[in-house]
Every structure is written in C-alpha cells, then in structure tokens.
Amino acid sequence: MTPLDALGVDERWRNLARDRAGRLGRVVQVDRGECEVVTDDGQFRVTSDSQRAQGDVAPVTGDWITVVAGPDDTLVVEEVLERRTLVVRRDPAEHARPQMLVANADVVGVIHGLDRRINPAQLERFCVVGWQSGAAVAVILAKADLRRHPGREAEKAAVLAPGATVVITAALRGEGLDRAAALLKGNRTLALLGPSGVGKSTLINALAGAEVQATQEVRTSDAKGRHTTTARRLIPLGGGGSIVDTPGIRAVGPWNAWEGLAAAYAEIDALDQDCRFAEDCWHQGQPGCAVAGNVDPGRLQRYLELAEELADQDIDRARRRM
C-alpha cells in the first residue's frame with residue numbers, strides 16, 4: 001500500500017492527476033500559504049502562489065492537488081483538484097464570509113464528551129455543517145466511562161441527529177474503538193469537529209496506537225479544555241485511513257447550508273413538504289400547518305432559528321452583490 005493508497009486515493013483521483021503536468025499529492029496541513037503534502041515519493045513542503053492563497057482555490061487540509069517544480073528547487077501547487085466534499089462554516093471573524101475547514105472528508109465526526117451534558121443546539125448545528133459538506137455524518141460520544149448510562153445519551157443523540165451513525169467510545173479504556181475504526185474502513189477520511197476538551201486528540205491517539213496528538217487536562221468545573229490542537233491536520237493511520245483533527249470550535253455557524261439544515265432536521269423537512277402554506281409558513285401554529293404540534297417544540301424552535309440565520313445570510317450576500 002503506497003502512502004496515497006493509505007490516504008484514500010482511487011482511480012478517479014489518479015486519472016485527474018494524469019491530465020496535469022504535476023504529480024499527485026494530498027494536503028495534510030496548511031500554514032501561511034505553504035502546505036505539507038504527502039505524495040507517493042514522501043512528504044514535502046509545498047508553496048502556494050500568492051494569487052491562489054487569496055482565492056477560492058486556496059488549498060485546505062484534505063485537498064488532493066498536483067505539484068510541480070518551482071524556482072530554487074521548491075515545489076509549487078499546480079492545481080487544487082475538484083473537491084468531492086467540503087466542510088465549511090461561517091467565518092467567525094467576518095459577518096458574511098465562508099471559512100473552509102476540511103476538503104474531501106468521507107465522514108464528518110461530530111464528537112461530544114460525556115463528561116458534560118449534550119447541548120442539543122450545539123450538536124444540531126455541527127450536524128448541519130456536517131451534512132452540508134456532502135459527507136456522511138457520525139456522532140461520536142467520547143469519555144463514556146464518565147457517564148453512568150452512556151446508552152441513554154446515545155438514544156438522545158440519535159433523536160437529535162437522525163440519519164447519523166452514533167458511536168460510543170471510552171478511548172483510555174480501549175472501548176468502542178472498533179466501531180470508531182469502522183468509520184475509516186476502505187481508507188476513508190474522518191474529519192472530527194467539536195469543542196475543546198471533548199476528546200478528539202485522545203481518540204486519535206487511541207486509534208493510531210501512538211501519541212500522535214498532544215492532549216491536556218480539562219477543567220473539572222465546566223468540563224472545558226484549552227485548544228490543544230492549533231491547526232487542522234490530516235493524520236494517516238498505520239492500518240490505512242486518516243483522521244483530520246481540528247482546533248476546538250465552541251460555536252459553529254453554518255454557511256449557505258439549506259441542504260444541511262434539511263438533512264439535520266429530516267423529520268421537520270418531511271413534514272414541511274406537506275404543509276398547506278408551503279414556502280410561506282414559519283410553523284408558528286397557523287391553522288393547517290403540518291409541522292407545528294407534530295414535532296418537539298424545542299427542536300422546532302432551533303430549526304426556525306437556524307433557518308432565519310441562513311435567510312439573513314442570503315439577504316446579506318444579495319446586498320453585497322448589488
């Protein structure tokens with residue numbers, strides 16, 4: 001198995017690269033306009049030109065690219081190959097701008113530590129971002145050894161994340177690792193999303209069988225941790241497959257995520273199709289509404305808040321184009 005085989009290369013990626021001058025590689029980390037890239041010949045530092053670094057085709061972690069020789073024996077990004085999936089959130093530093101997090105993930109793993117209660121709004125938001133990416137979604141409940149009845153939490157997660165695979169793990173005890181590893185079967189890429197201190201790095205170390213990511217203690221007062229991971233990095237695993245560790249995200253803002261919203265709230269979306277008021281109904285109890293009264297009120301309210309947030313984004317983008 002070549003290095004790129006382990007990272008999930010297939011004939012479609014190789015065929016795309018054959019039509020370019022450069023050699024195929026995958027971005028494992030981006031740092032200030034430069035990338036660490038794995039090719040079948042090894043891992044290299046590759047420069048992205050200034051125009052690409054500022055544009056929509058700037059490489060992100062997980063991208064498949066072709067690289068060519070540049071000046072002074074350097075390697076330069078020739079082209080970012082068309083992405084199959086893309087995890088995007090609203091840039092927290094900008095009011096109306098996307099921030100691309102991970103490209104070409106096969107599964108987005110929304111990870112939650114069971115040393116704290118499940119936050120429905122937070123979990124659902126992460127799932128909206130995950131489904132919008134085009135990847136499959138899994139909810140990974142870590143630190144199960146700190147919860148008396150982790151199965152009950154899994155039942156709650158399954159209701160909050162319809163269609164997602166729910167996995168329970170206790171990485172320090174080695175429990176549930178087989179189910180987590182199954183997400184990587186076929187050399188797939190798993191992108192982990194979640195707040196700081198939920199156990200992303202600990203899970204990666206357990207799956208890798210080595211200390212490949214630093215970990216830190218979590219405050220006992222509120223179960224929150226510091227940002228141990230400082231950059232999005234794709235980590236190859238010895239048995240094949242890869243995991244993208246990401247810095248902790250406390251609040252995630254979906255971006256242009258109407259399809260992700262529909263998938264994350266599938267039961268509401270299904271009822272919405274039967275509502276007599278169609279696109280004009282905001283499901284606030286109008287007579288004949290097929291949604292209000294048929295779903296959990298709290299979940300419906302969170303759905304409406306996200307829909308309003310996305311509608312406001314649409315208005316902002318339209319104004320900027322004027």
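Up top is the structure these notes are about.
Let us look at the structure shown here. Please read these numbers as outputs of a predicted model, since none were measured by experiment. (Residues numbered from 1 in each chain as written. Predicted model: local features only at pLDDT ≥ 70, side-chain atom pairs only at ≥ 80, totals over all residues. Heavy atoms only, no water.)

## Re the pattern of salt bridges
Applying the stated criterion across every chain yields a total of 20 salt bridges. Between D115 and R116 there is a salt bridge; the shortest N-O distance is 3.5 Å. The partly exposed category is assigned to D115, whose relative accessible area is 25%. On the accessibility criterion, R116 (16% relative accessible area) is buried. For R299, the salt bridge is made with E267, and the minimal N-O distance between the two is 2.4 Å. Of this pair, R299 sits in helix 10 (residues 297-321) while E267 sits in helix 9 (residues 266-272); the two residues are 32 residues apart in sequence, bridging distant segments of the chain. In this structure R299 comes out as buried when scored by relative accessible area, which is 4%. Residues joined in a network through salt bridges with shared partners are D31, E34, E36, R45 and R233. (Salt bridge = Lys/Arg side-chain N within 4 Å of Asp/Glu carboxyl O. Buried < 20%, exposed > 50% of the residue type's maximum accessible area, 1.4 Å probe, protein only. Helix = DSSP H or I, 4+ residues; strand = E, 2+ residues; numbered from the N terminus.)

## Some points on the sheet that holds strand 12 (residues 233-236)
Ordered in space as 10-9-8-11-13-12, the six strands form an open sheet in which the pairing is mixed. At either end of the open sheet lies a strand with only one pairing partner, and these are strand 10 (165-168) and strand 12. Strand-to-strand twist in this sheet, taken as the mean axis angle between neighbours without regard to direction, amounts to 25°. Sheet analysis places strand 11 (residues 189-193) next to strand 13 (residues 242-245), joined by three bridges and oriented parallel. Directly across from T189, in strand 13, lies its bridge partner S242. The sheet strands contacting helix 4 (residues 120-132) are strand 8 (107-113), strand 9 (136-142) and strand 11, and the helix crosses strand 9 at an angle near 145°. Packing of helix 7 (residues 200-208) onto the sheet brings it into contact with strand 8, strand 9, strand 11, strand 12 and strand 13, and relative to strand 13 it is tilted by some 160°. (Pairing = 2+ DSSP bridges. Axes fitted to C-alpha atoms, helices over the stretch in contact; angles between N-to-C directions. Contact = heavy atoms within 4.5 Å.)

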